[in-house]
Amino acid sequence: METLFKEFGFKLRYEKGNFRTGACVLQNSKVIVVNKFSNLEIKIQSLIQILHEIQGDESVLDEKQKSFYQIIKQTQLSI
């Protein structure tokens, strides 16, 4: 997933923070901050949720990444 964000032009940072979810997008910037104190499941769910919300340009992805991205986009989360 980290590679997908990188290909879409996002910078992914792992920081401590006072936010509820495992990750957040900083006000219209291409920086995603992941709460490093969240457990792995919350981090993954948060990143999947962000991938659902952003409009990624699939043309920058190779075939393997496109397949993975399509699977993530079809994933239904129950947070």
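This structure is a prediction, so every number in the text was calculated from the model and none was measured.

Peer 1: Describe the packing of aromatic side chains, naming the residues involved and giving the relevant values.
Peer 2: A complete count under the given rule lists 2 aromatic pairs for this structure. Each ring, one from F5 and one from F10, has its centre 6.2 Å from the other, and the planes form 80°; the classification is edge-to-face. Across this residue pair, the class does not change: F5 and F10 are buried. Taken together, a centroid distance of 5.1 Å and an interplanar angle of 70° make the contact between F8 and Y69 edge-to-face. You can see F8 sitting in the loop between α1 (2-7) and β1 (11-15) and its partner Y69 sitting in helix α3 (residues 63-74), a full 61 residues away along the chain. We note that F8, like Y69, is buried. Looking at K30, its charged tip hangs above the ring of F10, at a distance of 4.9 Å from the centre.

Peer 1: Tell me about α3, and name the residues and values.
Peer 2: Here α3 contains 12 residues, and its C-alpha end-to-end distance of 17 Å stays within 8% of the 16 Å for a straight helix at 1.5 Å per residue. Where α3 is concerned, the buried positions are Q65, Y69 and I72. Along the long axis of α3, the arc covered by the buried residues comes to 60°, so they all point the same way. Every exposed residue of α3 that faces more than 90 degrees away from the buried side is listed here: E63, K64, I71 and Q74.

Peer 1: Tell me about the confidence of the model for the protein, and name the residues and values.
Peer 2: In this model, the protein carries an average pLDDT of 87, and 95% of its residues clear a pLDDT of 70 or more. Predicted confidence in the protein is weakest over strand β2 (residues 23-25), with a mean pLDDT of 74, and strongest over α1, with 94.

Peer 1: Any chance you could break down the pattern of salt bridges for me, citing the residues and the numbers?
Peer 2: Taken as a whole, this structure holds 2 salt bridges when the rule is applied. With a closest N to O distance of 3.5 Å, R13 and E15 form a salt bridge. According to the relative accessible area criterion, R13 is partly exposed, its value standing at 32%. One salt bridge in this structure joins E63 and K66, with 3.9 Å as the shortest N-O distance.

What counts and how
- Residues numbered from 1 in each chain as written.
- Predicted model: local features only at pLDDT ≥ 70, side-chain atom pairs only at ≥ 80, totals over all residues.
- Heavy atoms only, no water.
- Phe/Tyr/Trp six-rings, centres within 6.5 Å; stacked < 30°, edge-to-face > 60°.
- Buried < 20%, exposed > 50% of the residue type's maximum accessible area, 1.4 Å probe, protein only.
- Helix = DSSP H or I, 4+ residues; strand = E, 2+ residues; numbered from the N terminus.
- Lys NZ or Arg CZ within 6 Å of the ring centre and 35° of its normal.
- Expected span 1.5 Å × (residues − 1).
- Arc of directions from axis to C-beta.
- pLDDT = per-residue confidence, 0-100.
- Salt bridge = Lys/Arg side-chain N within 4 Å of Asp/Glu carboxyl O.

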